[in-house]
Amino acid sequence: MEVITLNKDNLDYWRKKATKNVIALGFFDGVHRGHCEVIATALQIAKDKKCALSVMSFFPHPKTVISNGKKRFDYIMPVSEKAKVLQKLGVDRFYVVEFDKAFASMSPKSYVSKYILDFYTIHAVAGYDFTYGYRGKGNINRLRYDANNLIEVTKVDKVEHQGRKISSTW
């Protein structure tokens, strides 16, 4: 599995190296059962479409950047450990986007264009509560619209345990 850190300095280089893929989107801290459901769904679609499976995550956590470092985020696992787990789940490429103020200020359409469409994504998979773009204005329900209907989108429903949503916080 390739682990690729994306930032403003190397984005064009990695776009040119991208190949047709299905992408799972999310922060994936802890890679819990809900995350595994998103990745397993994306893996099955990638197999059906005979293409690579990519995962796109972000670092540092958006809460840290948006709060100017005032809010701390306690990570369950470092990116290197997350990469090991993702590899075992069948991921071919793990993109880690450097989350900074410029990235946080991107419009939802701009994010989809630069980080989804320009990476030859044909299908995106995310949890029901995934958001993107400035102030999280983009969400999984509008992802296909923001992509000008150029990709398919699958929303994975909430995964629960004992009546509670499984989350990294819980």
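Just so you know, these numbers come straight off a predicted model, no measurement behind them.

Draft legend 1. Broad picture of the overall build of the protein chain. Helix and strand content of the protein chain: seven helices and 10 strands. Radius of gyration (C-alpha) of the protein chain: 15 Å, near the 15 Å computed for a compact globule of 170 residues. Summarising its shape, the C-alpha atoms of the protein chain cover approximately 35 × 35 × 30 Å along the three principal directions. By residue count, 45% of the 170 residues in the protein chain fall in the buried class.

Draft legend 2. Structural context of the side chain of T121. Examined against the element boundaries, T121 turns out to sit in strand β5 (residues 121–127). Only 3.4 Å separates the side chain of T121 from the side chain of N21, close enough to count as a polar contact. Dropping the residues within four chain positions of it, T121 is found in contact with N21, I23, I116 and I151.

Draft legend 3. Just the packing of aromatic side chains, in detail. Applying the stated criterion across every chain, the model contains 10 aromatic pairs. Taken together, a centroid distance of 5.1 Å and an interplanar angle of 70 degrees make the contact between Y95 and F119 edge-to-face. Taken as a pair, Y95 in strand β4 (residues 93–98) and F119 in the loop between α6 (108–116) and β5 lie far apart in primary sequence, 24 residues in all. An aromatic cluster is present here, built from F58, F99, F103, Y111, Y115, F130 and Y132 joined pairwise through their rings. One cation-aromatic arrangement involves K82 over F27; the distance from NZ or CZ to the ring centre is 4.4 Å. Residue placement shows K109 over the ring face of Y145; its charged tip is 4.8 Å from the ring centre.

Draft legend 4. Structural view of the nonpolar core. Counting residues in each nonpolar core, the largest one holds 31 residues, and the members touching the most others are L6, L25, M56, F58, F103, Y111 and Y115. Counting only elements with at least two residues in this core, the list comes to β1 (2–6), α1 (11–17), β2 (21–25), β3 (52–59), β4, α5 (101–104), α6 and β5. For this core, the leading source of residues is α6, giving four residues. Excluding anything up to four places from it in sequence, M56 contacts L6, I23, A24, L25, G26, F28, Y95, V97, Y111 and Y115. With 20 residues, the next largest nonpolar core counts M77, V91, V125 and V156 among its residues.

Draft legend 5. Examining the pairing of β5 more closely. Across the seven residues of β5, six count as buried, placing the element largely inside the fold. Two elements, β2 and β5, share five bridges in a ladder whose sense is parallel. Note that in β5 the partner of N21 across the bridge is T121. In this structure, β5 lies alongside strand β8 (residues 152–156), joined through five bridges in parallel fashion. By the bridge assignment, A124 is partnered in β8 with V153.

Calculation notes
- Residues numbered from 1 in each chain as written.
- Predicted model: local features only at pLDDT ≥ 70, side-chain atom pairs only at ≥ 80, totals over all residues.
- Heavy atoms only, no water.
- Helix = DSSP H or I, 4+ residues; strand = E, 2+ residues; numbered from the N terminus.
- Rg over C-alpha atoms; globule rule 2.2 N^0.38 Å.
- Buried < 20%, exposed > 50% of the residue type's maximum accessible area, 1.4 Å probe, protein only.
- Polar contact = N/O pair within 3.5 Å; in protein donor to acceptor, adjacent residues only side chain to side chain.
- Contact = heavy atoms within 4.5 Å.
- Phe/Tyr/Trp six-rings, centres within 6.5 Å; stacked < 30°, edge-to-face > 60°.
- Lys NZ or Arg CZ within 6 Å of the ring centre and 35° of its normal.
- Core = buried A, V, L, I, M, F, W, Y, C linked by side-chain atoms within 4.5 Å.
- Pairing = 2+ DSSP bridges.

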